[in-house]
Amino acid sequence: MKRKFLVWLLAAAMCLPTFAACSENAQNSDETAAQSNTTSDTPTPEPEEEEPEMGLDTAKLLYADRDYGGYSYRIADRASGDWMTFDVYAEELTGEVINDSVYNRNIVLEDTMKIKIVEAPMDGVTNTVKNSITAAADDYDIFTDGLNALAALVTQRYILDFNKVSTIHPENAWWDQALYKDLSVGGGSYLMTGDISVMDNYGTWCYLFNKQLIADLSLENPYDLVDSGKWTLDKHNEMAKAATLDTDGDGKWTMADTYGFITENYNTVALWSCFGYRICEKDENDLPYYTYNGDNQITALMRVIETQYSDFSNMGTKSTVTGGGSFQDNTRENQFAIGRALFYYAGMRNVTLYREADTDFGIIPAPKENEAQAQYYSSYSFSNLTAYSLPVTIQDLDRVGDITEAMAHLSVYTLTPAYYDQTLVGKSTRDVESEPMIALIMSTRNFDLGIVFDWGSSFSSMMSMSVPDTVASTFKKGEKVAGKALDKFLTKLAEGEG
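Residues numbered from 1 in each chain as written. Predicted model: local features only at pLDDT ≥ 70, side-chain atom pairs only at ≥ 80, totals over all residues. Heavy atoms only, no water.

Peer 1: Teacher, can you tell me more about the side chain of S381 here?
Peer 2: Within the secondary structure, S381 is located in the loop between β9 (361-364) and β10 (386-389). Those residues in contact with S381 that lie beyond four places of it in its chain are G203, W205 and Y266. (Helix = DSSP H or I, 4+ residues; strand = E, 2+ residues; numbered from the N terminus. Contact = heavy atoms within 4.5 Å.)

Structure follows, in structure tokens:
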């Protein structure tokens with residue numbers, strides 16, 4: 001069964017004024033009916049028909065009056081590696097759902113606006129674009145890369161504020177509102193994503209759990225724990241300990257054994273951020289300031305480090321399963337694929353990697369700090385969740401903005417449903433319970449300027465911590481350096497230096 005969670009949400013958001021008007025009309029109708037009840041022969045009014053949901057054919061009509069004369073809309077993106085871009089351009093229809101959705105979106109966009117989409121795949125996207133900008137060359141209209149790579153260009157004033165492009169409307173539902181609001185600086189939004197991409201979904205972190213181990217060990221159902229609000233770090237650790245076993249009995253911790261928790265060093269910060277903490281918050285002027293070194297934050301980070309480097313984790317001192325990136329021996333991915341791990345905390349990209357694996361798994365968000373935490377949060381890869389930026393060398397801002405806005409909008413009816421309905425829900429997940437969990441994960445990302453910009457290595461130092469007792473002293477040692485780096489950034493931002 002198709003469940004277009006985010007598509008439904010987007011469509012609803014797009015129609016909010018209509019729904020509000022209908023609600024008001026309904027209320028007025030109810031009041032009128034109540035007043036007329038004394039007359040028995042008054043006919044009951046027929047309910048108004050719901051307006052049809054907007055689809056691709058309807059959406060493209062909004063751009064039907066454009067004619068950009070065959071203009072080449074040039075997009076620079078990643079050409080290789082595990083996180084190469086696959087949602088910008090498609091040469092032809094192949095029967096693969098994402099490829100075909102990209103192809104169909106682009107054909108409609110090209111025909112409607114009389115343009116040509118030109119992909120410029122390359123290694124080192126940000127550096128290449130930066131060199132183009134410094135040479136004052138008009139080589140690219142837009143480019144996409146990992147968040148932290150793009151952030152470096154904000155400081156150097158090489159990219160534009162989306163808010164200052166009159167034909168782009170970041171408040172529209174097809175742009176990710178959490179990223180838009182959380183990663184703005186001083187009212188400027190330099191990084192954007194949303195329906196225009198699925199690479200941001202692939203770079204969103206989630207928990208995978210082995211359903212067979214849950215059953216074999218008679219552990220609590222993770223879905224029920226999430227729904228009841230009892231999926232916490234303590235519960236996570238309790239279950240992970242119960243699942244850890246020297247399976248082959250040789251006294252060594254290898255791939256032949258079973259681990260409670262498969263993780264990596266980045267997850268120290270990722271888990272901590274899922275407690276609702278941020279390295280930086282923002283003041284009333286939308287400017288960041290450090291908040292990571294409070295007592296609650298320090299205590300929470302110490303607990304996370306204990307979890308990350310415990311004996312039930314692949315990062316514990318006894319483990320030999322430390323690598324990542326492939327299904328080779330001694331890798332995180334392979335350990336979960338062969339059914340020798342209860343929990344695996346990783347990107348949504350890994351869900352699709354396990355499409356052919358025998359392990360039966362479910363998907364849930366990261367645990368809360370405790371039951372008092374009001375909601376679940378999700379984290380993301382600071383280097384692999386991709387976003388879009390606009391180079392300052394653009395010659396016709398209105399034209400580029402108009403095409404970008406249309407591309408994002410039309411993706412609501414092409415790229416997004418292909419990802420959710422077919423690639424993720426239809427093929428990769430094994431149960432219907434995963435579907436609302438995916439929607440929850442995607443809608444609760446906790447974006448943090450401190451992670452993305454890493455001023456004074458504040459984020460990097462957190463990621464490298466492995467001893468809980470050193471947290472406070474490490475923060476104190478780096479606080480001055482981090483503060484100076486942030487002040488320098490804000491000064492350059494205010495002065496507009498390049």
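Peer 1: So what exactly am I meant to see when it comes to the pattern of salt bridges here?
Peer 2: Pairing is possible between side chains that carry opposite charge, provided their charged atoms lie close to one another. By the definition in use, this model includes 17 salt bridges. When the shortest N-O distance is used, the salt bridge between R74 and D138 registers 3.1 Å. Of this pair, R74 sits in strand β1 (residues 71-78) while D138 sits in the loop between α5 (125-134) and β3 (142-146); the two residues are 64 residues apart in sequence, bridging distant segments of the chain. Of the residues examined, D138 reaches a relative accessible area of 28% and is grouped as partly exposed. The shortest N-O distance in the salt bridge between R445 and D176 comes to 2.4 Å. Remark: D176 occurs in the loop between α6 (147-155) and α7 (177-182) and R445 occurs in the loop between α18 (434-442) and α19 (449-453); sequence separation between them is 269 residues. You can call D176 buried: its relative accessible area is 13%. A single network of salt bridges, built from pairs that share partners, joins D65, R66 and D402. (Salt bridge = Lys/Arg side-chain N within 4 Å of Asp/Glu carboxyl O. Buried < 20%, exposed > 50% of the residue type's maximum accessible area, 1.4 Å probe, protein only.)

Peer 1: Would you mind showing me how to read unusual backbone geometry here?
Peer 2: A negative phi angle characterises most non-glycine residues, just as the trans form characterises most peptide bonds. One non-glycine residue, K114, adopts positive backbone phi at about 55°. Residue placement: K114 occurs in the loop between α4 (97-113) and β2 (115-122). Located in the positive-phi region is S457, a residue other than glycine, with phi close to 60°. With respect to the element layout, S457 can be found in the loop between α19 and α20 (458-464). Overall, the relative accessible area of 40% leaves S457 in the partly exposed class.

Peer 1: Teacher, can you tell me more about the nonpolar core here?
Peer 2: Across soluble globular proteins, you tend to see nonpolar side chains buried next to one another. With 80 residues, the main nonpolar core has L147, L191 and W272 as its most contacted residues. At 6 residues, helix α21 (residues 471-495) tops the list of elements feeding residues into this core. If we ignore the near neighbours within four places in the chain, the residues touching L147 are L179, L183, L191, Y380, F382, L385, A387, F447 and V452. (Core = buried A, V, L, I, M, F, W, Y, C linked by side-chain atoms within 4.5 Å.)

Peer 1: Whenever I open this one, helix α16 (residues 397-411) confuses me. Can you help?
Peer 2: In this model, α16 (15 residues) spans 21 Å end to end at C-alpha, consistent with the 21 Å of a helix rising 1.5 Å per residue. With respect to burial, α16 is a largely interior element, 13 of its 15 residues being buried. (Expected span 1.5 Å × (residues − 1).)

Peer 1: Please clarify how the confidence of the model for the chain should be interpreted in this entry.
Peer 2: A low pLDDT score tells you not to read the predicted coordinates there in detail. Per-residue confidence for the chain gives a mean pLDDT of 87, with 86% of residues at or over 70. This model gives residues 1-52 a pLDDT under 50, and the stretch forms 31 contacts once residues within four places in sequence are excluded. (pLDDT = per-residue confidence, 0-100.)

Peer 1: Would you explain the packing of helix α13 (residues 295-308) against α21 in this entry?
Peer 2: Packed helices, taken two at a time, are described by the angle their axes make and the gap between the axes. In contact at an axis separation of 10 Å, α13 and α21 are set at 125° when each is read in the N-to-C sense. The pairing of α13 with α21 is recorded here as oblique in orientation. Contacts between α13 and α21 involve I298, L301, M302 and I305 from the first element and V471, A472 and F475 from the second. Among the residues forming the contact of α13 with α21, the class breakdown is 7 nonpolar, no polar and no charged. (Axes fitted to C-alpha atoms, helices over the stretch in contact; angles between N-to-C directions. Parallel < 35°, antiparallel > 145°, perpendicular 65-115°, else oblique. Nonpolar A, V, L, I, M, F, W, Y, C, P; charged D, E, K, R; others polar.)

Peer 1: Where do I start with the environment of A439 in this structure?
Peer 2: Examined against the element boundaries, A439 turns out to sit in helix α18. For A439, a relative accessible area of 13% corresponds to the buried category. Along the sequence, A439 and P365 sit 74 residues apart, while their C-alpha atoms lie 10.0 Å from each other.

Peer 1: For this particular structure, what's the right way to read the packing of α4 against α16?
Peer 2: Closest axis-to-axis distance for the α4/α16 pair is 10 Å, and the angle between their directions is 140°. Judged on the interaxial angle alone, α16 and α4 are oblique. Where α4 crosses over α16, the handedness of that crossing is right-handed. Only D402, I403, A406, M407, L410 and S411 of α16 make contact with α4, whose side of the interface consists of R105, N106, V108, L109 and M113. Taken together, the residues of the contact of α4 with α16 sort by class into 7 nonpolar, 2 polar and 2 charged. (Left-handed = near helix turned anticlockwise from the far one by under 90°.)

Peer 1: Quick question: what am I supposed to make of the sheet that holds β3 here?
Peer 2: Pairing between the strands of a sheet comes from backbone hydrogen bonds, and it takes one of two forms, parallel or antiparallel. Sheet architecture is open: 4 strands sit in the order β2-β1-β3-β10, paired in mixed fashion. Either end of the sheet is taken by a strand with one partner, and the two such strands are β2 and β10. The sheet shows a mean angle of 20° between the axes of neighbouring strands, taken without regard to direction. Alignment of β3 against β10, held across 4 bridges, turns out to be antiparallel. The partner of G146 across the bridge, within β10, is T386. Packing against the sheet, α6 makes contact with β3 and β10, and its axis sits at approximately 125° to β3. (Pairing = 2+ DSSP bridges.)

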